[in-house]
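# Residue-level structure breakdown
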Amino acid sequence: MTHPEGAENHPAAPGIPGIPGPLERDRITRKQISRRRALGYGAAAAAGTAAVNMLGSQSAQADAANAPGSAGGSAAVPATAGALTKAAAPAVRIPLVDVNFTDTTGLYIADANSGTAATALVVTFNSTVAMTGTIAWTLTRRGTTQLGTGSSAFSAPAGSPGVVTIPLGNLSPDHYQVAVTVTKSDNTVLISAIHGLGVIRQTVAGVRPNSPFGLGIRPEGTWATSRQIAARMGVKWTRGVNAVEPDTVAPSPGVFWDQTAIDAARAEIQDWLALGITPIAGINYNMSWNVEPLPNGTIPLPYQNRPKDMVAHSEMVYHSIAPLQDLVENWELWNEPWVHGWSWATGTAQDYRDMTKLIWDLVKPDYPNVNLIGGGSVTYNRDIVYAIGSDKVGYIDGSVNHAYGFPDSTQYAMTKTQIKLDRKYGQNQGRAGQWQTELGTAGSLQFTAYPANMQQYGVARTLTPNYLLHMLAGAEENSPVKVFWFSLCYDATYSGAEFNMYDNKTKSPSAPIVAYSTMTRVLEDCQLLEELYPTAKSTWGFLFKHADGKGRAAIYADQLYDGTMEHQNAGYTGTLTLNSARHIRVYDYLGTLLADGSKSTVTLPLNPWEVLYFDTDLRPNDLKTALTEGAVFTYDEPVKVTPLSFVTPIGPGSTIDLRVENVSPGFVHANVTMTPPAGWTVPGATRPVMLAPGESQIVSWPAQTSQVDPNNQYPIAYDVTIPGRDGFHLKGSQTVQLAYVPNRSITVGGSASQWNGVVPVTMSSTVLLAGVSDTKNYTFQTAWDSTSLYVRAVIEDQTQSSNLVWASAQGQYLFPFAADSVQIGFNVVANPDDLLAGDPHYDKCLVSASHLFVATLPFGPGELHRQLAPGTNYQTFYPTNAVLPTPLGQLDAHATTGADGRVVVTRDDTNKATTYELAINWNQLPDLYAALNALPAGQVHEATMAVQVNDRGTGAHGATYWTAQNEGTASGCYNFAPFWGTGAQFTGGRIDTRWGLGK
């Protein structure tokens, strides 16, 4: 499950390992993989998956094992020949030794009076011969703090179950681990495993139509137990009604399901509602007899391609809805319809719009209250469902997003964008809200630096921040947002099981189960009122009003990118002191009580993504006061210091500039001491700064003496102290470069000597390839004259990876940024397509870009593409979309001619390097040229721009960003392509690096 045609349908995410892309100097055939599987890096946003072109695929049957809803070849009932023939259930295997708890779910509810739950381990023996031995166990809190250990003898009878019960004690709400080893008297180890154990408080019971709390509850295994666990956790929404299958609803043309099948579907829905869980129903792809064949005549599996007969498909959808619409109001039309991707192999963008319009026209006259939910991701919705000027736009009531990945604040940015798109372009203005029907993180993918038994706590930390960011967007825009974490299954495997919140091998809860339950207990029946710290990049605070009129809140410190998002020590850490804490009960992210409301002052720990919950007897405004005016945030890094690139030639008049930003929610008075590069001297190395929350200042030191470094590398160190915080030092360093664009005419394709004297900027990338460290270097030179902006880039690259030429029929479905390429991005003018401009959180996390160009070498001459400019609506090119006011796609730029510029890309296979030579004519950047044209001679214009290198293919290094190599990245929205990567910290962040253009 992934992104779209314009989102996850991008063939690959630059810099994200494990996602297939263009083949080395060979035609690309793209096989879409699940976003769940590809997202081992983070994304928010969505980083995503590779799109796939399944044309002529020889692996369709193998793919079936991992099809959505399949068992993936695991313990579920196997498929048989003859699609509708039910296989015999496999024999139940009785284990020799079974380890469980007195509550077989391993998820206990604490007693309301004592606040604890009585827990016990249960070991069952099923042996045909008598056995004796020992059961050794150790109980830890969160896998680290040992609470108890013991060893019990067992004597198991022959031929009948033997049971040993071991009390573990009365435990308070939290997540625990029980390591169990069962050993026979002959020292044979029968079983050794770690079992999770959760203790939670009672959650809110009953149906809640306005709740945001959904969950992907899998049908595999013991489904009844999975459903009971979900109800216990406080889940209020589930995705899908299993009895609604296209082949059941329409087994043959013109024939529709009978009352028996309908009654089964109704019974399933009513079972869900009895548990307090409401389904959003889904159309599970095609009828098996109505799948569009591939060009080679192969009939793909029902989920692999668009419907052959769209009218027949829309009739099936109508007949699915008609008998159930009184029970289920919301219907998802197709899961991840990525154009030329894994479930829409030969379908186009217009095919999808045609389908939604046909369904709309059939359903709406008879059932106007039914909500049709469509799309697949924010970018897919913008690119396809709402493609401006295109035919049959916006025939949905609400939209889908699959926001897998870390809770970078880009999650909030994209949900806000999703709402605004629905409101602006939807036929019913997005009345049904936004459905984040899949999101999540996986320990084995995204927290690989942690021991296996500790990865779950990384996932648990990411859960609630992801929900809160989506909920905030909905609250601020007054639009309902439903969020479905992926996923839950008690005791079976399935495609995407690495995201399971349960350990299906031990049938025990992982830490995310407890985190989810804690979240719903505190925040269900609450209205989100506001975010408390809109200018503080370190902190998110969410103020709620409960149905009883009392205030509740959730606060967390944000995480920072240090090459990955998994290392907790990279984020903001510190303490929060409440000076008016009476009547405020505080819980941590796993439900541990930190403050009971009896003290007037409390100090609480702040750790990245670890949510603190505040449950109070106060009115919301009084709680707000306690968390703002009455709160003191003491962060280890209350300011962010960024040494900035030089933008004028090194010499007399050079200055060393540091941007100092207050990222905390309180005022900061600091002293900044700067150590210049070797050979430089400055007067007065220390400067005082006084900063309001969110305020930044550029602190400058004019150089008394300076020294040119031949490698353009200038290390600058700093030390920040804060009066009143004895012993506090925030130290760091950054190597900056001269990023200067001289006024010089260049002939593209001419001699390299014409670039002599133009100081290059450099980037480097180091990765492990087959266990060996491999470094690649990238150099960029830039210049400008009255005609163009010139760029020369020399990119070390082991293997060239190319697309088909863009002008070919298949080439237009391949994205230039997914092959070996360079991107040049700008933020030089307010973009009228930016739907988030003016938002109170804009500077915190919503900053976007104005222009983006991509250069690549296909199987033909080099190409230069326009990916973003005012008038492109942040869309990506699709052949069946309308031409935009500012067209997307390949520019009129060739080796020696072109109204838009020039491009020459040459590959040196001997030296393993690719050289890009570009001229971007000023008709592409008119606002920047206007500023340069007005610039007095001898002056420098400061512009915001950045470059990115994408290395694909064998020995690939992925994406390397100028923004990340020159400063700590900051989250934004819609920056480097692919746009489904958005401006998350781990995909380069916002384009905010400065360059100087001299005249």
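Use the structure listed above.
Each value, and the rule that gives it
- Residues numbered from 1 in each chain as written.
- Predicted model: local features only at pLDDT ≥ 70, side-chain atom pairs only at ≥ 80, totals over all residues.
- Heavy atoms only, no water.
- 1 Å grid on protein atoms, 1.4 Å probe; cavity = no way out; pocket = protein on both sides within 12 Å on 5 of 7 lines; lining within 4 Å.
- Points joined across faces, edges and corners; volume = space filled by probe spheres on them.
- Helix = DSSP H or I, 4+ residues; strand = E, 2+ residues; numbered from the N terminus.
- Nonpolar A, V, L, I, M, F, W, Y, C, P; charged D, E, K, R; others polar.
- Buried < 20%, exposed > 50% of the residue type's maximum accessible area, 1.4 Å probe, protein only.
- Arc of directions from axis to C-beta.
- Polar contact = N/O pair within 3.5 Å; in protein donor to acceptor, adjacent residues only side chain to side chain.
- Pairing = 2+ DSSP bridges.
- Axes fitted to C-alpha atoms, helices over the stretch in contact; angles between N-to-C directions.
- Contact = heavy atoms within 4.5 Å.
- Phe/Tyr/Trp six-rings, centres within 6.5 Å; stacked < 30°, edge-to-face > 60°.
- Lys NZ or Arg CZ within 6 Å of the ring centre and 35° of its normal.

### What about empty space enclosed by the protein?
- Considering all chains together, one arrives at seven cavities of 30 Å³ or more under this definition.
- Lining of the largest cavity is provided by Trp-806, Gln-812, Leu-814, Phe-815, Pro-816, His-865, Arg-866, Gln-867, Thr-876, Phe-877, Leu-888 and Gly-889.
- Broken down by element, the residue count for the lining of the largest cavity peaks at three residues, all from strand 41 (residues 863–868).
- The residue makeup of the lining of the largest cavity, split by class, is six nonpolar, five polar and one charged.
- Space inside the second largest cavity adds up to approximately 50 Å³.
- If you go around the second largest cavity, the residues you meet are Pro-643, Leu-644, Ser-645, Val-736, Asn-966, Glu-967, Thr-993 and Arg-994.
- A class-by-class count of the residues in the lining of the second largest cavity yields three nonpolar, three polar and two charged.

### Considerations on helix 13 (residues 620–627)
- Considered for burial, the residues of helix 13 that qualify are Pro-620, Leu-623, Ala-626 and Leu-627. For helix 13, the angular spread of the buried residues around the axis is 120°, confining them to a single face.

### Focus on the environment of Arg-552
- Secondary-structure assignment places Arg-552 in strand 21 (residues 551–557).
- Residue Arg-552 is classed as buried on the basis of its relative accessible area of 10%.
- Expressed as a C-alpha distance, the spacing of Arg-552 and Asp-615, which sit 63 residues apart in the sequence, is 4.9 Å.
- Among the polar contacts listed, one links the side chain of Arg-552 to the backbone oxygen of Val-522, at a separation of 2.7 Å.

### Considerations on the sheet that holds strand 9 (residues 213–217)
- The parallel closed barrel is built from eight strands, whose spatial order is 9-10-11-12-13-14-15-16. The average undirected angle you get between the axes of adjacent strands in this sheet is 30°.
- The sheet contact formed by strand 10 (residues 237–239) and strand 11 (residues 278–282) spans three bridges and is parallel. Directly across from Arg-239, in strand 11, lies its bridge partner Ile-280.
- On the sheet, helix 12 (residues 511–523) packs against strand 9 and strand 16 (481–488) and is oriented at approximately 150° with respect to strand 9.

### Considerations on the packing of aromatic side chains
- The full count for this structure, using the stated rule, is 47 aromatic pairs.
- Between the aromatic rings of Phe-406 and Phe-447, the centroid separation amounts to 5.7 Å while the plane-to-plane angle is 85°, which identifies the pairing as edge-to-face. One end of the pair, Phe-406, is in the loop between strand 14 (398–402) and helix 9 (410–425); the other, Phe-447, is in the loop between helix 10 (443–446) and helix 11 (455–477), with 41 residues separating them in the sequence.
- Among the aromatic residues, those joined into a cluster by ring pairs are Tyr-285, Tyr-303, Trp-334, Trp-338, Trp-342, Trp-344, Tyr-352 and Tyr-380.
- Sitting over the face of the ring of Trp-223, Arg-227 holds its NZ or CZ atom 4.5 Å from the ring centroid.
- Taking NZ or CZ as reference, Arg-521 lies 5.0 Å from the ring centre of Tyr-587, over its face.

Just geometry here; none of it tells us what the structure is for.
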